[in-house]
Amino acid sequence: MHLKVKRANIMGPGRVNLMFMNSVVLIGVLLTAIPFIYMITASFRQQGELYSLPVTIMPREWHGHNYVKLFGDTHFVIWYGNTIFTAGLRTALGVYFAALAGAAFAKYEFRFKRFFFFLVLATLTLPFQVLLVPLFLMMVDFGWVDTYWAVIVPGIVAAFNIFLMRQYIEAVPDELMDAARIDGASEFGIFHRIILPLVRPALGVVAILTFVNTWNDFLWPLIVLHDDTKYLLSIGIATMDGPYDVEIGAIMAASFLSTLPILIVFILMQRQIIAGLTQGAIRG
Amino acid sequence: MSARALTTADNPQPFALADWWSRNQRKVIPYIFLAPFLVSLLVFTVYPAGAAFFLSFQRVRGFISPEEGGGVVLEYKGLDNYERLLTKDKRFRTAIINGAEFALGTVLIQMPIALGMALLMNAPHIRFKVLARLAFFAPYITSAIVVGWIFTLIFQDRYGLLNAALNALGLEGVGWLTNKAFVMPALIILGLWTWCGYNSLFFLAGLQNVPDDLKEAARIDGANTIRVFWHITIPFLRPVFVFVVITGLIGSFSLFSQPYLLFDSGAGPGDAGLFPVMYLFFMGFENFRMGYASAIGYLLTAIILLITGLQLLLFRLWRV
């Protein structure tokens, strides 16, 4: 009964309207997909074809030579490895530290707790770009220029991640932690054997977001990495047209291959990622 | 009490620390848990923020060679950097205006479309929901560099996909990246593609949070769809609006990678693609005017805080 009332009111418009609404959504999906499709098809074309008329989305002839050039003439494989290593290490450490801080805020009482939490929120409002110049000078002092420490360490404990972890860890039942204490578990033991396993989905979300951010980051790596064998994918791809005299097709091939793993992970975990991201915004 | 005294007396030195730890670890552990965050905050945020503030009153006079220990020679210039930025520097003004125009485009064009898309996706019996979620999130997680390269192709004058589409509709193509007047529209189109779907997912999450029985009650009381939307749905979306608008505005002034790539490490024709963070980068890392760059950073922070504060105030007024 209720259902009928609802349907009649919201969907009053009926079948024609529904068809219209469906096609609007479909057009939105298509417009979003076309640049991706164009990227993929462009990577299989010859240079001349991209600069000739008529403009088409599909190649007239499929060619693999852009990929040959990409692997043969550039450091693409090295960049790929560098990026996996850097993003992986930064993610592992960043997630662990964020979970530790989140646990402290969610499950313990201590002096200055509110002040520390205010600090977490305050860092959310400070734009990272203000720090660029002094951070760079600091990296020079540390001797970290052209090393991955410069990419991995600064900003590794992200305030947003602490915030997210705190929210999830709050849901871990106190009784469970107390029972473990009575059994003689240490606080670190409780963190590793009770809290972490129970918030695994949140760890996954934070890990993916950290990984994607590091994978895509451009401005900071551009400032601290100058040797082209040390490059990460983003800088490598951005500068590919310069020293290597590479054609746009090869750049599209690199773009496609560097986006692929991120897209696959996202497709597998989209529900959790979107929920994790949007949760904070709904509650305000 | 006496039992504890006895144990301590029995094992005087070696176990005292372990004993103290077992009694006090719950008090101490939160500080240990917070240590990585606090250290990172102190070393990589608080210190550089202070250093940037100090630098913003200085001018770089020269560099000491690495053999002599390296470093920078500074000269105190008082408020010179700020004064110059606010009164004389036309490029900085251009960068701020461009940021503001992009922000306006984001709020006025992107948000309504995003909200509309979310409403469509939230309607019952709509198909392609899973597909749409996937598609709308994909541009957001794609690297800005990759997006930049794809759109250099799409925005080409003669062989670009966008102009080809315009031609097919019987319209004349334009120089998206070469004509000063079309640079901002081009960037707004790029922004629309990148963030519109992403924002619509936030609106969608907000819409799914509106209690159905509340809407139903209003409808039984005789409210029509528009009234229900205006008086129930929109107020529930308030936090989402706050989030989406503020992150959108901050993002607008911090735009860097996409224009940097589209305009070949430059700022576009007549600086039409120059944004504040880009200007900071040029000043600090290409001209090595680090004091000046730090002053740009602080002015940018001031602008962002001002906008955020105004937004929060505005949205608070809205609640009443």
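Source: prediction; values computed, not measured.

Colleague: For the overall build of chain B, give the residues involved together with the corresponding values.
Modeller: Across its full length, chain B holds 14 helices and two strands. Relative to the globule expectation of 20 Å for 320 residues, the C-alpha radius of gyration of chain B, 27 Å, shows a markedly less compact shape. Counting only C-alpha atoms, chain B reaches 95 × 70 × 40 Å along its principal axes. Each of the 320 residues in chain B was classed as buried or not, and the buried ones make up 51%. Pairs at least 24 residues apart make up 62% of the contacts formed inside chain B by residues separated by at least 6 positions. Total accessible area computed for chain B in this model is approximately 15700 Å², and 65% of it derives from carbon and sulfur atoms. Of the side chains in chain B, 24 bear a positive and 18 a negative charge, and the two mean positions are spaced by 6 Å.

Colleague: Tell me about the side chain of B:Ser200, residues and numbers included.
Modeller: All names here are of chain B. Inspection of the secondary structure assignment puts Ser200 in helix H8 (residues 180-207). The class of Ser200 is buried, set by a relative accessible area of 0%. Discounting chain neighbours no more than four positions away, the residues touching Ser200 are Ala114, Met117, Ala118 and Phe136.

Colleague: Hey, could you go over helix H13 (residues 276-286) of chain B for me, with residue numbers and the actual values?
Modeller: All names here are of chain B. Across the 11 residues that make up H13, a large majority, 10, are buried. Listing the buried residues of H13 in full gives Pro276, Val277, Met278, Tyr279, Leu280, Phe281, Phe282, Met283, Gly284 and Phe285. Following H13 by one or two positions, Phe288 has its phi on the positive side, about 55°.

Colleague: For the side chain of A:Ser258, give the residues involved together with the corresponding values.
Modeller: Along the polypeptide, A:Ser258 turns up in helix H15 (residues 248-283). Owing to a relative accessible area of 5%, A:Ser258 belongs among the buried residues under this scheme.

Colleague: Could you give an account of the confidence of the model for chain B, with specific residues and numbers?
Modeller: Residue and element names in this part refer to chain B. The pLDDT averaged across chain B works out to 86; a share of 94% of its residues lies at or above 70. Overall, residues 1-9 carries pLDDT values under 50, and its contacts beyond four positions in sequence, including any with other chains, amount to one contact. Across the whole predicted complex the pTM is 0.87, and at the interface the ipTM reaches 0.87.

Colleague: Pulling in residues and values, what's your account of the interface of chain B and chain A?
Modeller: Contacts between chain B and chain A engage 89 residues on the former and 99 residues on the latter. Both faces considered, chain B and chain A share a buried interface measuring about 8500 Å² in area, 80% of it formed by carbon and sulfur atoms. Interface area lost by chain B to chain A is led by B:Phe33, B:Phe44 and B:Trp149, which between them contribute 10%. Put simply, chain B and chain A have zero salt bridges between them. Among the elements that take part in the side of chain B that touches chain A, helix H2 (residues 16-55) of chain B stands out by supplying 22 residues, more than any other.

Calculation notes
- Residues numbered from 1 in each chain as written.
- Chains lettered and ligands numbered in written order.
- Predicted model: local features only at pLDDT ≥ 70, side-chain atom pairs only at ≥ 80, totals over all residues.
- Heavy atoms only, no water.
- Helix = DSSP H or I, 4+ residues; strand = E, 2+ residues; numbered from the N terminus.
- Rg over C-alpha atoms; globule rule 2.2 N^0.38 Å.
- Buried < 20%, exposed > 50% of the residue type's maximum accessible area, 1.4 Å probe, protein only.
- Contact = heavy atoms within 4.5 Å.
- Areas by Shrake-Rupley, 256 points an atom, 1.4 Å probe, with all protein chains shown as cover.
- Lys, Arg positive; Asp, Glu negative; His and termini not counted.
- Charge placed at Lys NZ, Arg CZ, Asp CG, Glu CD.
- pLDDT = per-residue confidence, 0-100.
- Buried area = accessible area lost by both parts, 1.4 Å probe.
- Salt bridge = Lys/Arg side-chain N within 4 Å of Asp/Glu carboxyl O.

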